[in-house]
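The lines below spell out each chain.
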Amino acid sequence: MIITSKPQVSVIIPVYNAASYIRQSLESAISQKEINIEIIVVDDGSNDGSKEIAASYPGICLIEQDHQGACKARNVGLRNATAEFVKFLDADDYLEPGVLKKQVTFSEKSGERDIVYSLSRIFNNDTDCSVLQKFSCIQGNDQVFQLFKTNIHTSAPLHRRKLLLEVGGFDERLMRAQEYNLHIRLAMAGCRFIHLPGIGTNIRDHTSLHRITNQRSGQLMEDNAKLRRQIYVELIHRHYGDVIPRAIHQYFVTNAVESALTHMRSGNIEGARKALTQTMLVEPTSFNIIVGVANTLGRI
């Protein structure tokens, strides 16, 4: 429900060539009951009519920018938001009815550094299949470690605008897994993620080249993946210091070894080497040992 009084929630929708989906996304926000919202659409250089569709809805704030990606678009929307709470919603996804009212009510009863989130339903139009987002609910004291192990989707939380601004919003260097990085930094800043039972968002699973997060490929994506891993290691050291907890170290080593074994089974030894060394938490000298152990166990 869009009204002229001060909004309680700013719904920020980045869009790039999503003409097939954006109406459903917008209308899922507009139809939210018992809540005052503003909708900010940041068009990332669309050329398929997405911008014109968004502009046809009265009361929507439409911001245009050259094609710069999802992180930049979300941060632009964040800087223009005026509500206490922020909901990021991709243009190809849509909200469950009444979810914003439920999340605001729950948030107002929680602490000022608490971030409420609900589960997401991931669906595929082509296969007509859907599943609930698979992760363990974040809880307890060391949420930083838990957030390294699992991911809360971009649209699942109801963020507090002041907390997003405090940590600088999304890291615009990243092309993928931006919300994963954001939520880790929020937890490092003392925020606590609180699970509100129920489904909040419907996530469309597709690999269209027009998707705002699918706009890079090849060497650029590989370089960005390496940067992403480097940033994670920097975050770990910033939070835990020079002595990395055994559980964190073991988690990254296990992932690296599993990835390396997958590459080795297909004969891609160089890919296996990269999986180990680029993780940066595994000593490069461990490579030959792991290969030897894998051979001994008949894994490759």
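Scroll up for the structure.
Residues numbered from 1 in each chain as written. Predicted model: local features only at pLDDT ≥ 70, side-chain atom pairs only at ≥ 80, totals over all residues. Heavy atoms only, no water.

## Structural notes on the overall build of the protein chain
Reasoning step 1: Assigned secondary structure in the protein chain consists of 11 helices and 9 strands.
Reasoning step 2: Residue pairs in contact within the protein chain that sit at least 24 positions apart in sequence constitute 74% of those at least 6 positions apart.
Reasoning step 3: Carbon and sulfur atoms make up 50% of the accessible area of the protein chain, which amounts to about 14300 Å² in all. (Helix = DSSP H or I, 4+ residues; strand = E, 2+ residues; numbered from the N terminus. Contact = heavy atoms within 4.5 Å. Areas by Shrake-Rupley, 256 points an atom, 1.4 Å probe, with all protein chains shown as cover.)

## Some details on the nonpolar core
Reasoning step 1: In terms of nonpolar packing, the biggest core is built from 40 residues, with Phe148, Ile184, Leu186 and Ile248 touching the most fellow members.
Reasoning step 2: Each residue touching Phe148, except ones within four places of it in the same chain, is listed here: Tyr180, Ile184, Tyr232, Leu235, Ile236, Ile248, Tyr251 and Phe252.
Reasoning step 3: Core analysis: the second largest hydrophobic core is formed by 24 residues, Val15, Ala29, Val41 and Leu158 among them. (Core = buried A, V, L, I, M, F, W, Y, C linked by side-chain atoms within 4.5 Å. Buried < 20%, exposed > 50% of the residue type's maximum accessible area, 1.4 Å probe, protein only.)

## Some points on the pairing of strand 3 (residues 61-64)
Successive side chains on a regular strand alternate, one facing one side of the sheet and the next facing the other.
Reasoning step 1: Taken together, the 4 bridges between strand 2 (residues 37-43) and strand 3 define a ladder with parallel strand orientation. Bridge pairing in strand 3 links Val42 to Ile63.
Reasoning step 2: In this view, the connection linking strand 2 to its parallel neighbour strand 3 by way of helix 2 (residues 50-55) has right-handed handedness. (Pairing = 2+ DSSP bridges. Right-handed = clockwise from strand over helix to strand, strands pointing away.)

## With respect to helix 7 (residues 178-188)
Reasoning step 1: Counted residue by residue, helix 7 has 11 buried out of 11 residues, so it is predominantly covered.
Reasoning step 2: For helix 7, the full list of buried residues reads Gln178, Glu179, Tyr180, Asn181, Leu182, His183, Ile184, Arg185, Leu186, Ala187 and Met188.
Reasoning step 3: Immediately beyond the C-terminal end of helix 7, within one or two residues, lies Gly190, with a positive phi of roughly 95 degrees.

## Some thoughts on the pattern of salt bridges
Reasoning step 1: Tallying each qualifying case throughout the model produces 7 salt bridges.
Reasoning step 2: In this structure, Asp171 and Arg173 form a salt bridge, with 2.8 Å as the shortest nitrogen-oxygen distance.
Reasoning step 3: Taking relative accessible area as the criterion, Asp171 reaches 13% and is therefore assigned buried. (Salt bridge = Lys/Arg side-chain N within 4 Å of Asp/Glu carboxyl O.)

## Some words on the packing of aromatic side chains
Reasoning step 1: Applying the stated criterion to the full structure yields 3 aromatic pairs.
Reasoning step 2: Ring centres of Tyr117 and Phe193 lie 6.5 Å apart, and the angle between their planes is 65 degrees; on these two criteria the pair is classed as edge-to-face. One end of the pair, Tyr117, is in strand 6 (residues 114-124); the other, Phe193, is in strand 9 (residues 192-204), with 76 residues separating them in the sequence. In terms of burial, Tyr117 and Phe193 fall into one category: buried.
Reasoning step 3: Arg74 extends its terminal NZ or CZ atom over the ring of Phe170, reaching a point 5.2 Å from the ring centre. (Phe/Tyr/Trp six-rings, centres within 6.5 Å; stacked < 30°, edge-to-face > 60°. Lys NZ or Arg CZ within 6 Å of the ring centre and 35° of its normal.)

## Brief notes about unusual backbone geometry
Reasoning step 1: A positive phi is found at Asn17, a non-glycine position, where the angle reads about 50 degrees.
Reasoning step 2: Residue class for Asn17 comes out buried when judged on its relative accessible area of 9%.
Reasoning step 3: One non-glycine residue, Glu34, adopts positive backbone phi at about 60 degrees.
Reasoning step 4: Following the sequence through the fold, Glu34 ends up in the loop between helix 1 (22-30) and strand 2.
Reasoning step 5: On the basis of relative accessibility, which here comes to 61%, the residue Glu34 falls in the exposed class.

## Points about helix 3 (residues 70-80)
Reasoning step 1: Of all 11 residues that make up helix 3, 8 are buried, and the element is covered over most of its length.
Reasoning step 2: All of the buried residues in helix 3 are Ala70, Cys71, Ala73, Arg74, Asn75, Val76, Gly77 and Leu78.

## Some words on the side chain of Thr154
Reasoning step 1: Note on placement: Thr154 falls in the loop between helix 5 (143-149) and strand 8 (157-160).
Reasoning step 2: The class of Thr154 is buried, set by a relative accessible area of 4%.
Reasoning step 3: A distance of 3.4 Å separates a polar atom in the side chain of Thr154 from a polar atom in the side chain of Glu179.
Reasoning step 4: Each residue touching Thr154, except ones within four places of it in the same chain, is listed here: Arg74, Phe88, Phe170 and Glu179. (Polar contact = N/O pair within 3.5 Å; in protein donor to acceptor, adjacent residues only side chain to side chain.)

## Re the pairing of strand 2
Reasoning step 1: In terms of burial, strand 2 is largely enclosed, as 7 of its 7 residues are buried.
Reasoning step 2: Along strand 2, one buried face is formed by Ile37, Ile39, Val41 and Asp43 and the opposite face, lined by Glu38, Ile40 and Val42, is buried too.
Reasoning step 3: Sheet analysis places strand 1 (residues 9-15) next to strand 2, joined by 7 bridges and oriented parallel. Paired with Pro14 across the strands is Val42, a residue of strand 2.

## Topic: the environment of Leu62
Reasoning step 1: With respect to the secondary-structure elements, Leu62 resides in strand 3.
Reasoning step 2: Apart from the residues lying within four places of it in its own chain, the contact partners of Leu62 are Val41, Asp43, Lys51, Ala54 and Ala55.

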